[in-house]
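Below, each chain spelled out in residue letters.
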Amino acid sequence: TKFTDLLLDMAKEDLQSLTSYLEHTAQQLKEVPETLEQMIEKIKLIDCTESSFADTEQRFGPITDQLAILERYEIEIDDDVTEEVNGLSKKWDVFCASMDEAREQMEASKTQFKTTLLQQSEALTKKVSKFCEDFQSNGPFAAEGTTSTAALASLADARTMIAEIRTTETSLRASLQHFGVNQESYKEILDTEGDLGFLEQLWGVAHDFDTSFEGWSKGGFADIDTDDMEQQAAARLKKIVKLNREVKDKDWDMVQHYRKKITNFKATMPLIQDLKNPAMRERHWQQLMDDIGKKFDPQSSDFTLGTIVELG
């Protein structure tokens, strides 16, 4: 009849669903996590399976009841269905054993992952200490032996290294939280980042001045605009002085170097302005050459601000 056919189809579907769940879940429970992400997913699987354990066990009764009803009505049931029903008890035993093994294996995995993460944390601590020590020893705190371009490149490398450390630190902190371990922030990095930020600003100002000075030095003497140069130099000196107040306890050589360099440059502007005075005559230039003991041609295109600086 349609009723018994429907009942048989429902029993087969329920049986297939239960069997598939038991086999598939048991296989998943046997898999050993190789990454922290897999371990977290495995924990979720174990928790979910445990929470539905009673409900899963209760699915057996309705299936056997449905088949018992069909047998009373002498409905022919395929041998493979009967065999699968008879094998449910064994599958359940395997399923329960898989759960027990999964719990034990998970504890071992937790210990292993926690140990690995703590080792990584220790390695990062050493890396941070070495980086900060190297930065304090070799960072561009002095102007001697470097250029503003090289200093900024060095600072960019340091910034990249800090970003890498921060990424690793964030990842470790999130991972260790799964084990109730708090990954503290590195004070050394915070201090180094503070120094780095000020150095980037200071060397940025220094680079701006160096770049401008290079351009001015190559320009012809006749094209020199002392008012513009003095205004730009004053603006950069003001920035240096302002930043110096922020790091006055640091005693960084590059600050004093560029403060002096820009101040001296500004001090030459009145002299340059005097040399550009239309009242300057050939005898005046000759007198200047006699005074410094050097020859030059003030009318030459090669006579630049750079030439004047070299002449002293």
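For the structure given in this document, a descriptive report is provided here. (Residues numbered from 1 in each chain as written. Predicted model: local features only at pLDDT ≥ 70, side-chain atom pairs only at ≥ 80, totals over all residues. Heavy atoms only, no water.)

## Side note on the overall build of the chain
Broken down by element type, the chain carries twelve helices and zero strands. Ordered by position from N to C terminus, the α and β elements of the chain give α-α-α-α-α-α-α-α-α-α-α-α. Against the compact-globule benchmark of 20 Å for 312 residues, the chain has a radius of gyration of 40 Å, which places it well outside the compact range. The principal-axis extents of the C-alpha atoms in the chain amount to approximately 135 × 40 × 25 Å. If you take every contact in the chain between residues at least 6 apart in sequence, the share linking residues at least 24 apart comes to 81%. Put simply, the chain shows about 19,100 Å² of open surface, and 50% of that area lies on carbon and sulfur atoms. (Helix = DSSP H or I, 4+ residues; strand = E, 2+ residues; numbered from the N terminus. Rg over C-alpha atoms; globule rule 2.2 N^0.38 Å. Contact = heavy atoms within 4.5 Å. Areas by Shrake-Rupley, 256 points an atom, 1.4 Å probe, with all protein chains shown as cover.)

## A short note on the environment of valine 309
As for its placement among the helices and strands, valine 309 is situated in helix 12 (residues 305-311). Taking the C-alpha atoms as reference points, valine 309 and phenylalanine 265, separated by 44 residues in sequence, lie 9.4 Å from one another.

## Some details on the environment of leucine 271
As for its placement among the helices and strands, leucine 271 is situated in helix 10 (residues 253-275). The spacing of leucine 271 and threonine 226 is 45 residues in sequence and 9.9 Å in space, taken between C-alpha atoms.

## Some points on the packing of helix 1 (residues 2-30) against helix 4 (residues 60-72)
Interhelical geometry of helix 1 versus helix 4 gives an angle of 150° and a closest axis separation of 9 Å. The orientation of helix 1 relative to helix 4 falls into the category roughly antiparallel. In this structure, helix 1 crosses over helix 4, and the sense of that crossing is left-handed. Counting all contacts with helix 1, which are made through Thr4, Leu7, Leu8, Met10, Ala11, Asp14, Leu15, Leu18 and Leu22, the residues of helix 4 involved are Phe60, Ile63, Gln66, Leu67, Ile69 and Leu70. Here the contact of helix 1 with helix 4 is composed, by residue class, of twelve nonpolar, two polar and one charged. (Axes fitted to C-alpha atoms, helices over the stretch in contact; angles between N-to-C directions. Parallel < 35°, antiparallel > 145°, perpendicular 65-115°, else oblique. Left-handed = near helix turned anticlockwise from the far one by under 90°. Nonpolar A, V, L, I, M, F, W, Y, C, P; charged D, E, K, R; others polar.)

## Observations concerning the pattern of salt bridges
Evaluation of the coordinates by the stated rule reveals 15 salt bridges. Between lysine 126 and glutamate 122 there is a salt bridge whose closest N-O contact spans 3.8 Å. Of the two residues, lysine 126 and glutamate 122 are both situated in helix 6 (residues 88-138); the distance of four residues between them amounts to about one turn of the helix. Residue glutamate 122 is classed as partly exposed on the basis of its relative accessible area of 46%. By sharing partners, the salt bridges in this structure join Arg166, Glu169, Arg173 and Glu193 into a single network. (Salt bridge = Lys/Arg side-chain N within 4 Å of Asp/Glu carboxyl O. Buried < 20%, exposed > 50% of the residue type's maximum accessible area, 1.4 Å probe, protein only.)

## Some words on the side chain of glutamine 183
Mapped onto the secondary structure, glutamine 183 falls in the loop between helix 7 (148-177) and helix 8 (187-218). A distance of 3.0 Å separates a polar atom in the side chain of glutamine 183 from a polar atom in the side chain of tyrosine 186. Setting aside residues up to four positions removed in sequence, glutamine 183 forms contacts with Ser121, Glu169, Arg173 and Leu176. (Polar contact = N/O pair within 3.5 Å; in protein donor to acceptor, adjacent residues only side chain to side chain.)

## With respect to unusual backbone geometry
Although it is not a glycine, aspartate 251 sits at a positive phi angle of roughly 55°. Position of aspartate 251 relative to the elements: it lies in the loop between helix 9 (226-246) and helix 10.

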